[in-house]
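# A structural walkthrough
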Amino acid sequence: MPAATSKRVKGAKIFRHFIIGNEAHVLPHPGFPDPPPEGHTKGWKVYVRPLPNGPDMTTWLKKVQFKLHHTYADPSRTIEAPGPFELSETGYGEFGVEIRLYFAPESGEKAIYREHFLQLQTYGSDEQKARQEKENKIVAERLETIEFNEPTQEFFRTLTSEDQFNWLKVKKGRGKGKKPDFVFEGDVEPTAQLPERADTSGGGLGAGGAWNVQYEKQLLSSLEQSKNTLEQMVEEEKRKMEERRKEMEKLGMAVANK
Amino acid sequence: MTRAFEGAFFQLVVGAAVGLATITISNKIERERARRAKLGLRGVRRNKIRRCFGRKAKDYSESPPKDKNLLVLDSASAVEAHLYGTCPHGAAAATTTTADEAAPAEGSEVEETPSNMQLVRFSKYAVAPSVPQYDHDTFEKHLAHAGWTEQETDYLMSTYSECNGKWPVVADRYDYPNADRTMEDLKARFFGVQATTLQLSTPISSMTASEYNQYEVLSTYSGAQETSRKKLAEGHLYRRANEVDEETVLLGELQRIMLNQATLDSQREELRHRLDNPSPSTNGYSYNTSQALTGLWQQLLTQDRMKKNPRLRPTSNQAVDGMSTMTPTSAAPRETPRRPHSLASATALPVDLSKADQKRYGVVLQERLPTGVTFTSDKLTKPRIAKSSIQTEKIAAILQHIGVPEVIPLPTPAVIEQFESIMQVVMTILDLRKLGEKEEHELRVRAAEA
């Protein structure tokens with residue numbers, strides 16, 4: 001039995017997108033203790049979330065441990081599946097939260113650390129800052145893509161089963177003793193790929209709707225621009241080099257003539 | 001029975017109207033306003049009716065107010081009545097009844113003065129087209145174009161705003177000396193300018209999604225493509241009947257071919273499989289000496305030994321068989337089969353997945369994978385860190401200078417590829433600079449010598 005499970009699928013990898021991030025509010029804010037603990041000015045929530053229309057996260061993620069700053073009482077907090085893998089706290093300072101991801105036992109993979117730097121201050125352009133202040137909501141998150149390289153046979157099976165999309169579906173009973181039917185009633189067929197465009201049903205940062213192919217395109221063209229600037233810099237360096245070469249020749253002639 | 005029911009219904013309606021009226025006219029000021037509005041309304045309605053039927057309505061004692069705005073509105077509704085044509089008797093009658101009975105109730109709804117009403121009604125049509133703004137310096141720096149002078153570009157912008165952004169009109173009116181421009185030329189130039197100014201006002205990285213969409217549409221406009229599209233559409237419009245028939249037949253044919261494509265492909269694949277023999281590196285004539293034949297036999301024998309169940313039995317003759325310890329590499333290497341093994345067939349998946357399902361579950365087939373779990377975002381952070389901290393700082397400075405954010409929040413393959421190409425150039429620059437420093441130093445030494 002163990003031999004069969006530990007056999008790996010060669011030449012295949014499976015990736016999953018997910019979100020690591022945090023929300024922060026200036027206290028007092030609903031959902032946080034009022035009055036807040038002494039000295040605490042911000043309420044925040046750090047989270048590990050799936051994409052809105054993606055496969056179920058708990059297929060591979062069984063436990064998340066958030067390791068907070070050591071000044072917190074009981075700094076390492078663990079949340080087991082089914083989650084949600086979220087942790088609310090109050091505080092006043094920013095620090096790096098160590099997030100330890102524990103995988104499904106059949107994967108045979110060890111737990112892995114990721115770090116998220118807690119963002120409590122407003123950030124970005126002035127407009128963004130103004131909006132964050134107005135809404136009293138700061139969201140700082142990033143998309144992570146985890147790759148399971150050459151997963152074990154069993155893990156491969158669970159990662160490619162239709163059940164992963166059940167959490168997005170409506171359960172339709174089929175009478176006593178029968179398995180319930182799961183029916184998908186959304187507009188866009190769920191997939192592990194990045195969604196084509198923004199989720200219009202209240203997406204945006206925090207809900208995960210901000211991550212889509214359109215945004216990717218935008219990011220790419222902005223990087224392309226950066227690259228063009230860079231190429232200009234290379235040209236400049238080359239020109240300088242040419243100048244130096246000429247100078248060198250001139251000096252060489254001068255030395256030779258002496 | 002029906003009649004009685006109708007009567008009851010009518011009473012009900014009237015009762016409701018009266019009730020509504022009582023509520024509305026509870027306030028005195030409110031009442032006064034309602035009366036005025038009612039008068040205005042009546043005036044309009046009466047005029048409308050008069051124009052429709054060409055006779056004077058006598059049942060109103062008060063004359064309609066002679067307001068200028070109202071008159072405009074009046075004629076507008078007359079035009080409307082005219083446009084909507086027939087102006088049936090019944091409709092007119094219905095209008096009169098409502099005006100008579102429900103006017104007090106309606107009065108509160110029609111609180112807008114006539115001029116306000118007109119503004120609200122037509123203001124949405126008073127739209128000035130937005131024309132990109134730029135000054136001379138910006139033009140020189142960003143908008144210079146080989147085929148367009150600044151004067152002509154200015155002329156294009158002014159024509160565009162004059163013609164209210166209607167391209168056919170712009171193309172028709174466009175009359176610049178020594179310039180023969182098609183509508184597509186004009187559009188391409190205009191959109192190009194617009195995209196550039198848009199990007200100058202908001203850099204791509206801080207555009208909102210809708211702004212970026214607009215920018216993308218503007219910057220990807222291709223005049224040539226548009227011309228060919230129009231030509232195609234025109235051709236499509238003026239086809240003859242026999243051409244349409246021919247097209248239908250051809251489409252049918254194409255569909256048939258596409259349907260059979262899959263079976264044909266699989267048959268061909270099978271055939272290729274059958275034909276796939278190890279191809280000799282030379283032609284068969286090279287084996288016409290006994291020595292060559294012995295070589296061949298040894299070669300085949302060594303190959304056969306590598307297999308699980310050898311089919312060739314070695315002869316007892318050592319000289320012919322060659323040394324049994326002969327390593328397979330010493331024999332002439334067998335040419336690998338020409339048919340490229342597709343990766344999908346090489347990798348045995350425990351679950352049979354179609355291409356679409358592979359995509360849906362995020363399965364990627366790839367050779368030479370690292371083991372265990374990896375995060376793609378590492379590929380966006382690790383290259384930034386060099387062995388020495390000075391070098392790391394230099395890299396960070398360059399990346400910051402060219403506007404690459406410290407955290408790239410979307411580690412997709414395309415983004416990673418782009419980032420890696422950027423990093424490559426960064427490394428080139430660093431090398432160039434290092435070399436530059438060395439040369440500078442040498443130059444100084446030489447200058448001191450000279």
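Residues numbered from 1 in each chain as written. Chains lettered and ligands numbered in written order. Predicted model: local features only at pLDDT ≥ 70, side-chain atom pairs only at ≥ 80, totals over all residues. Heavy atoms only, no water.

## A short note on the overall build of chain A
- Each helix and strand in chain A was counted, giving four helices and ten strands.
- Secondary structure elements of chain A occur, N-terminal to C-terminal, as α-β-β-β-β-β-β-β-α-β-α-β-β-α.
- Expressed as a percentage of the 258 residues in chain A, the buried residues total 43%.
- The long-range fraction of contacts in chain A, counting pairs at least 24 apart against all pairs at least 6 apart in sequence, stands at 64%.
- Just so you have it, chain A exposes about 14,000 Å², and 52% of that area is on carbon and sulfur atoms. (Helix = DSSP H or I, 4+ residues; strand = E, 2+ residues; numbered from the N terminus. Buried < 20%, exposed > 50% of the residue type's maximum accessible area, 1.4 Å probe, protein only. Contact = heavy atoms within 4.5 Å. Areas by Shrake-Rupley, 256 points an atom, 1.4 Å probe, with all protein chains shown as cover.)

## Regarding the overall build of chain B
- When helices and strands are tallied, chain B shows 19 helices and two strands.
- For chain B, the residues scored as buried account for 26% of the 450 residues in total.
- Across chain B, the fraction of contacts at a sequence separation of at least 24, relative to all contacts at a separation of at least 6, is 58%.
- Of the roughly 31,900 Å² of accessible surface on chain B, 56% is carried by carbon and sulfur atoms.

## Here we look at the sheet that holds strand β3 (residues 61-67) of chain A
Residues and elements named next belong to chain A.
- The four strands are arranged β4-β3-β6-β7 in an open sheet whose pairing can be described as antiparallel. Edge positions in the sheet fall to β4 (76-80) and β7 (112-117), since each of these pairs with one other strand and no more. In this sheet, adjacent strand axes meet at a mean angle of 25 degrees when their direction is disregarded.
- One ladder, built from six bridges, connects strand β6 (residues 96-103) with β7; its direction is antiparallel. Within the sheet, the bridge partner assigned to E98 lies in β7 and is E115. (Pairing = 2+ DSSP bridges. Axes fitted to C-alpha atoms, helices over the stretch in contact; angles between N-to-C directions.)

## Let's talk about the nonpolar core
- Counting residues in hydrophobic clusters, the biggest one holds 41 residues, and the most contacted among them are F18, W44, V48, W60, F66, I99 and L101 of chain A.
- Setting aside chain neighbours within four positions, we find V48 of chain A in contact with F18, I19, I20, M57, L61, V64, F66, F85, I99 and L101 of chain A. (Core = buried A, V, L, I, M, F, W, Y, C linked by side-chain atoms within 4.5 Å.)

## Digging into the side chain of N22 of chain A
Residue and element names in this part refer to chain A.
- Tracing the backbone shows N22 in strand β1 (residues 12-26).
- At a separation of 2.9 Å, a polar atom in the side chain of N22 contacts the side chain of H116.
- In this view, N22 contacts K45, V46, Y47, H116, F117, L118, Q119, I138, V139 and A140; residues no more than four positions away in its chain are not counted. (Polar contact = N/O pair within 3.5 Å; in protein donor to acceptor, adjacent residues only side chain to side chain.)

## As for the packing of aromatic side chains
- Inspection of every chain in the model, using the stated rule, returns 19 aromatic pairs over all chains.
- Measuring from centroid to centroid gives 5.0 Å for F191 of chain B and Y221 of chain B, while their planes differ by 80 degrees, and the two rings are edge-to-face. Of this pair, F191 of chain B sits in helix α9 (residues 183-201) while Y221 of chain B sits in the loop between α10 (209-219) and α11 (223-237), placing them 30 residues apart in sequence.
- Connected via pairs of aromatic rings, a cluster forms that spans F18, W60, F103, F148 and F155 of chain A together with F375 of chain B.
- Looking at R49 of chain A, its charged tip hangs above the ring of Y47 of chain A, at a distance of 3.7 Å from the centre. (Phe/Tyr/Trp six-rings, centres within 6.5 Å; stacked < 30°, edge-to-face > 60°. Lys NZ or Arg CZ within 6 Å of the ring centre and 35° of its normal.)

## Brief notes about the interface of chain A and chain B
- Counting from both sides, the interface comprises 70 residues of chain A and, opposite them, 63 residues of chain B.
- Summed over both sides, the interface between chain A and chain B buries roughly 6,100 Å², with carbon and sulfur atoms accounting for 64% of that surface.
- Counting every contact that joins chain A to chain B gives five salt bridges.
- R433 of chain B is the salt-bridge partner of E237 of chain A, the closest N and O atoms lying 3.2 Å from each other.
- For the side of chain A that touches chain B, the secondary structure elements donating two or more residues are β1, β6, β7, β8 (138-149), α3 (153-159) and α4 (213-257) of chain A.
- Here the side of chain A that touches chain B takes 28 residues from α4 of chain A, the largest share from any one element.
- Looking at the side of chain A that touches chain B, its residues break down into 29 nonpolar, 18 polar and 23 charged. (Buried area = accessible area lost by both parts, 1.4 Å probe. Salt bridge = Lys/Arg side-chain N within 4 Å of Asp/Glu carboxyl O. Nonpolar A, V, L, I, M, F, W, Y, C, P; charged D, E, K, R; others polar.)

## Description of the confidence of the model for chain A
- Mean pLDDT over chain A works out to 81, with 85% of the residues at or above the 70 mark.
- Of all secondary-structure elements in chain A, the lowest mean pLDDT belongs to helix α1 (residues 2-6) of chain A, at 52, while β6 of chain A reaches the highest, 91. (pLDDT = per-residue confidence, 0-100.)

## Thoughts on a nonpolar patch on the surface
- On the surface, a nonpolar cluster with roughly 310 Å² of combined accessible area is contributed by L251, L254 and M258 of chain B.
- Positionally, L251 of chain B belongs in helix α12 (residues 241-275). (Patch = residues over 30% accessible without salt bridge, like charges linked within 9 Å, V, L, I, M, F, W, Y side chains within 5 Å.)

## Re unusual backbone geometry
- Cis geometry marks the peptide bond from L27 of chain A to P28 of chain A, where omega comes out at 0 degrees.
- Structurally, P28 of chain A is set in the loop between β1 and β2 (42-50).
- One non-glycine residue, N164 of chain B, lies in positive phi territory at about 60 degrees.
- You can see N164 of chain B is positioned in the loop between α7 (150-162) and α8 (167-173).

## Examining the packing of α7 of chain B against α9 of chain B
All names here are of chain B.
- Across the interface, α7 lies against α9 with an axial gap of 11 Å and an inter-helix angle of 95 degrees. One element, α7, and the other, α9, form an angle in the roughly perpendicular class. Judged by residue contacts, T153, L156, M157 and Y160 of α7 engage L186, R189, F190 and V193 from α9. (Parallel < 35°, antiparallel > 145°, perpendicular 65-115°, else oblique.)

## Details of the pattern of salt bridges
- Counted according to the given criterion, the structure contains 28 salt bridges over all chains.
- E236 of chain A is the partner of R239 of chain A in a salt bridge, and the nearest nitrogen-oxygen pair spans 3.2 Å. Note that R239 of chain A and E236 of chain A are positioned in helix α4 at a spacing of three residues, about one turn of the helix.
- Under the relative-accessibility criterion, E236 of chain A is labelled partly exposed at 35%.
- Each of R114, R142 and E144 of chain A together with D378 and K382 of chain B takes part in a single network of salt bridges with overlapping partners.

## Observations regarding the confidence of the model for chain B
All names here are of chain B.
- For chain B, per-residue confidence averages 71 on the pLDDT scale, and 63% of positions sit at 70 or higher.
- Ignoring residues within four places in sequence, the model shows residues 12-26, a span with pLDDT below 50, making eight contacts including any to other chains.
- Within the model, pLDDT remains below 50 along residues 324-346, and this stretch shows 21 contacts once partners closer than five positions in the same chain are excluded.
- Model confidence for the complex: the whole-complex pTM is 0.53, and ipTM, which rates the interface, is 0.80.

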